[in-house]
Amino acid sequence: MRPLLTERRKDQLATALIRAGGLLVILVVVGIVINIGSEAVPLFQRAAQGPIEVVVNGGDPLLAGSDPRREVVWVLDRTGTIRFPRMADFEDLEIVGESASELVAADQEIHGLISAISETGEVFIGRLRFRDPWDGEDRHTTARWRPAADSVVLEGSDWKGITANGDEDGNVLVAAWTELGDLSLVSWDAEDEEWEQSVAPSRIHGVRGVAVAEGLGALAVVSDNGSLEVFRWPALNEAETVGVEAPVSAVRFLIGGGTLVAAGADGSINLLIDLPRIKVDNKGDRHHKEAGVTNGPGEAAVVCDDEIGRRLSSRQGVSLSSAPSQWTVVRAAAPLSAPATVVAPASRRRGFAVGAEDGSVALYYSTSGRRLLLDDWADRPVTALALDPKSDGAVAISKHTVLRRSIDNPHPEISFRTLFLPVWYEGYAARKWVWQSTGGSDAFEPKLSVWPLIFGTLKATLYAMLFSLPLALFAAVYVSQLAPPWIQATVKPTLELMAAVPSVLVGFLAALWLAPRLEAALLAVLLGAVALPLSVVLALALWRLLPVAWRRRSPDGIELLILLAAGSAVAALVALVAAPIET
């Protein structure tokens, strides 16, 4: 009877299977590359913006903004009323209560904190809260005014501007200034629920603009001559500022309070961060050089704390002490063509928008210093500007017109600079390559340098090769020279098949299947890594103690069986011991 599969058909079937397997492997690798590319390419797409929409054309608006869904636009006018244009089912909200005087200035800070001041100096602080209750399958958006503090009346007249910010405990700091440039500071104590008057430094005069940092750690003041001064709150000690050369027209702290945007009257955009510094006292008889500063015997110097404490803490004759930080310009973004009038910070990232006197609006991202968008919104100066809560749009006021625009900017933190070049991050005294993609709050600054990932991969590969290379060589020598024929016939084809599988697939399976199991039994794996080599040495030593005649009569391959039995026994013992030790 003729066999069903001849040798020729077997060869043809094997050839077809090998070709199909190779083609399948190629397709899988191409699919993985395409999938990675489809995920990575959108990260580098440029920001885009929609058409300009006129929401209100008339009246006397002071502030405007939007709800998180970008469905409702609100406008605060001089009567102290928040109106909702084009929303017939929304009722107007009064923020001034029984006060009959009109508002003269208002401001909106991070997380929607609104501050307003009337002609009589009465201050109103609060937030506009939106809710989206569901009635079956229908959603109804509602809005209400939620005061953040009681109203307070400031002494003085002819008020020109106001700003305020708060901390996570509910405390609020309000800064208001008059037409003559007189500054008034009041703070709300959330625990005692009362206002406290603060005395502004006497050297502050001719105030043109003020910014309060989130967390109430700092206060930035711009004078009529464009000079910038930064003070630490609550002591109101002046902090040193370095790098601001052009007269400043608008300032604003970004989320977290660690970055200060100084927009110049010449259109320049400077980004300052609070650099940590340390005082180095040289009490020895030798010169020391740190951070580019030479410190002679008996001298002291204040330098940026770029891990200097770690390097000098154990050095003889050197004394270290804390020093006041310094606000320094670390990046200069692309300038505007006209003086800046207002800076609007984002509530969830390090982005901000700047409005100018020529009606243009630009969008920036502070970590990279990039200007993402620039366009003309109006033909008159932008007097108020606010980014939407999710930074997917903006609302601006120019004269009596309220404008809005959508923004598509999902990944502003990605650029060639942030991926491959050292970046000056908040809290660092120098440019660094750092990878830290997530944090515990909205104020976290993503650090996305890929060099730590690349060198980390190379380091892990080197350490893996230190273990795998000797094992692979010893295994190859054993299989080719010492192993019995039945082991060679099994191991060699298996290794050849494994060589055809791309390492990326092996790593993918290891990450999805092996890594979770190793994590669940980490102690057992560590104990096994120590115990297994010892068991092999012990098994070989016991084998050498057996009589020579008995060893000669043993079949080939019995040594491997003994090693496997010893390894299995040790693995079982480790599995039994690891759980009680870990608990």
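For the structure, see preceding data.
In this report, we go over the structure that sits alongside the text. (Residues numbered from 1 in each chain as written. Predicted model: local features only at pLDDT ≥ 70, side-chain atom pairs only at ≥ 80, totals over all residues. Heavy atoms only, no water.)

1. Comments concerning the packing of aromatic side chains
One pass over the full model with this rule turns up eight aromatic pairs. Arranged with centres 6.1 Å apart and planes meeting at 65°, the rings of Tyr425 and Tyr428 form a pair that is edge-to-face. Of the residues examined, Tyr425 reaches a relative accessible area of 1% and is grouped as buried. On the basis of relative accessibility, which here comes to 26%, the residue Tyr428 falls in the partly exposed class. (Phe/Tyr/Trp six-rings, centres within 6.5 Å; stacked < 30°, edge-to-face > 60°. Buried < 20%, exposed > 50% of the residue type's maximum accessible area, 1.4 Å probe, protein only.)

2. Section: the pattern of salt bridges
Applying the stated criterion across every chain, the model contains 13 salt bridges. A salt bridge links Asp77 to Arg83; the nearest nitrogen and oxygen atoms lie 2.8 Å apart. Overall, the relative accessible area of 36% leaves Arg83 in the partly exposed class. For Glu426, the salt bridge is made with Arg350, and the minimal N-O distance between the two is 3.0 Å. Of this pair, Glu426 sits in the loop between helix 3 (416–420) and strand 36 (435–436) while Arg350 is found in the loop between strand 29 (340–345) and strand 30 (351–356), placing the two residues 76 residues apart along the sequence. Each of the two residues, Glu426 as well as Arg350, counts as buried. (Salt bridge = Lys/Arg side-chain N within 4 Å of Asp/Glu carboxyl O. Helix = DSSP H or I, 4+ residues; strand = E, 2+ residues; numbered from the N terminus.)

3. A short note on helix 9 (residues 558–582)
Its 25 residues place the ends of helix 9 36 Å apart at the C-alpha level, agreeing with the 36 Å of an ideal helix rising 1.5 Å per residue. Along helix 9, the positions that sit buried rather than exposed are Ile558, Gly567, Val570, Val574 and Ala578. Among the structural elements, helix 7 (522–545) are those in contact with the buried residues of helix 9. (Expected span 1.5 Å × (residues − 1). Contact = heavy atoms within 4.5 Å.)

4. As for the side chain of Asn270
Mapped onto the elements, Asn270 comes out in strand 24 (residues 269–282). Dropping the residues within four chain positions of it, Asn270 is found in contact with Leu260, Val261, Ala262, Val329, Arg331 and Ala332.

5. Regarding the nonpolar core
Residues Trp74, Leu76, Ile82, Phe84, Ile95 and Leu103 are the most contacted members of the largest nonpolar core, which totals 27 residues. For this core, the secondary-structure elements that each account for two or more residues are strand 3 (61–66), strand 4 (73–77), strand 7 (103–108), strand 8 (113–118), strand 9 (122–131) and strand 34 (393–398). Here this core gets four residues from one element, more than from any other, and that element is strand 4. Once residues lying within four places of it in the same chain are set aside, the contact partners of Ile95 are Leu76, Gly80, Ile82, Leu103, Ala116, Phe124 and Trp145. Counting 19 residues, the second largest nonpolar core, distinct from the first, contains Val342, Val361, Val382 and Ala394. (Core = buried A, V, L, I, M, F, W, Y, C linked by side-chain atoms within 4.5 Å.)

6. Observations regarding the sheet that holds strand 15 (residues 172–178)
Read from one edge to the other, the open sheet built from four strands follows the order 14-15-16-17, with strand pairing classed as antiparallel. Of all strands in the sheet, those bounded by a partner on one side alone are strand 14 (159–166) and strand 17 (194–198). For this sheet, the mean inter-axis angle between neighbouring strands, taken without regard to orientation, is 20°. Where strand 15 lies against strand 16 (residues 183–189), six bridges are found, and the strand directions are antiparallel. The residue bridging Ala176 from the neighbouring strand is Ser184, located in strand 16. (Pairing = 2+ DSSP bridges. Axes fitted to C-alpha atoms, helices over the stretch in contact; angles between N-to-C directions.)

7. What about the pairing of strand 30?
Most of strand 30 is tucked away, with six of its six residues classed as buried. Pairing of strand 29 with strand 30, which is carried by five bridges, proceeds in the antiparallel orientation. Following the sheet pairing, Val343 is matched in strand 30 by Val354. Hairpin connection between strand 29 and strand 30: a loop of five residues separates the two successive antiparallel strands. Inspection of the sheet shows strand 30 paired to strand 31 (residues 360–365) by five bridges, in the antiparallel sense. Across the sheet, residue Gly351 finds its bridge partner in strand 31, namely Tyr365. Between strand 30 and the antiparallel strand that follows it, strand 31, lie three residues; Gly359 among them carries a positive phi value of about 85°.

8. Overview of a negative patch on the surface
Negative charge collects at one region of the surface, where Asp150, Glu168, Asp169, Glu191, Asp192, Glu193, Glu194 and Glu196 lie side by side. Relative to the helices and strands, Asp150 is located in the loop between strand 12 (142–147) and strand 13 (152–153). (Patch = residues over 30% accessible without salt bridge, like charges linked within 9 Å, V, L, I, M, F, W, Y side chains within 5 Å. Areas by Shrake-Rupley, 256 points an atom, 1.4 Å probe, with all protein chains shown as cover. Lys, Arg positive; Asp, Glu negative; His and termini not counted. Charge placed at Lys NZ, Arg CZ, Asp CG, Glu CD.)

9. Concerning a nonpolar patch on the surface
A contiguous nonpolar patch, built from Phe416, Phe420, Leu421, Trp433, Trp451, Ile454, Phe455 and Leu458 and spanning about 810 Å² of accessible area, is present on the exposed surface. Mapped onto the nonpolar patch, the elements with two or more residues apiece are helix 3 and helix 4 (451–482). Ranked by residues supplied to the nonpolar patch, first place goes to helix 4 with four residues. Assignment of secondary structure puts Phe416 in helix 3.

10. Considerations on the packing of helix 4 against helix 5 (residues 485–499)
Where helix 4 contacts helix 5, the two axes come as close as 9 Å, and the packing angle between them is 135°. On the basis of their axis angle, the class for helix 4 and helix 5 is oblique. Classified by chirality, the crossing of helix 5 by helix 4 is left-handed. Residues Tyr478, Val479, Ser480 and Gln481 of helix 4 form the contact with helix 5, whose own contacting residues are Ile487, Gln488, Val491 and Lys492. Each residue belonging to the contact of helix 4 with helix 5 can be placed in one class, and the counts come to four nonpolar, three polar and one charged. (Parallel < 35°, antiparallel > 145°, perpendicular 65-115°, else oblique. Left-handed = near helix turned anticlockwise from the far one by under 90°. Nonpolar A, V, L, I, M, F, W, Y, C, P; charged D, E, K, R; others polar.)

11. Topic: empty space enclosed by the protein
What the rule picks out here adds up to four cavities of 30 Å³ or more. Looking at the largest cavity, its volume works out to about 60 Å³. Around the largest cavity, the lining residues are Arg349, Gly351, Phe352, Leu363, Tyr364, Tyr365, Leu372, Leu387, Ser391, Ile407, Asn409 and Pro412. Counting only elements with at least two residues in the lining of the largest cavity, the list comes to strand 30 and strand 31. Counting residues per element, the lining of the largest cavity draws most heavily on strand 31, at three residues. If you add up the space inside the second largest cavity, you get close to 50 Å³. Gln49, Ala353, Val361, Ala362, Leu363, Leu373, Trp377, Ala394 and Ile407 are the residues that line the second largest cavity. (1 Å grid on protein atoms, 1.4 Å probe; cavity = no way out; pocket = protein on both sides within 12 Å on 5 of 7 lines; lining within 4 Å. Points joined across faces, edges and corners; volume = space filled by probe spheres on them.)

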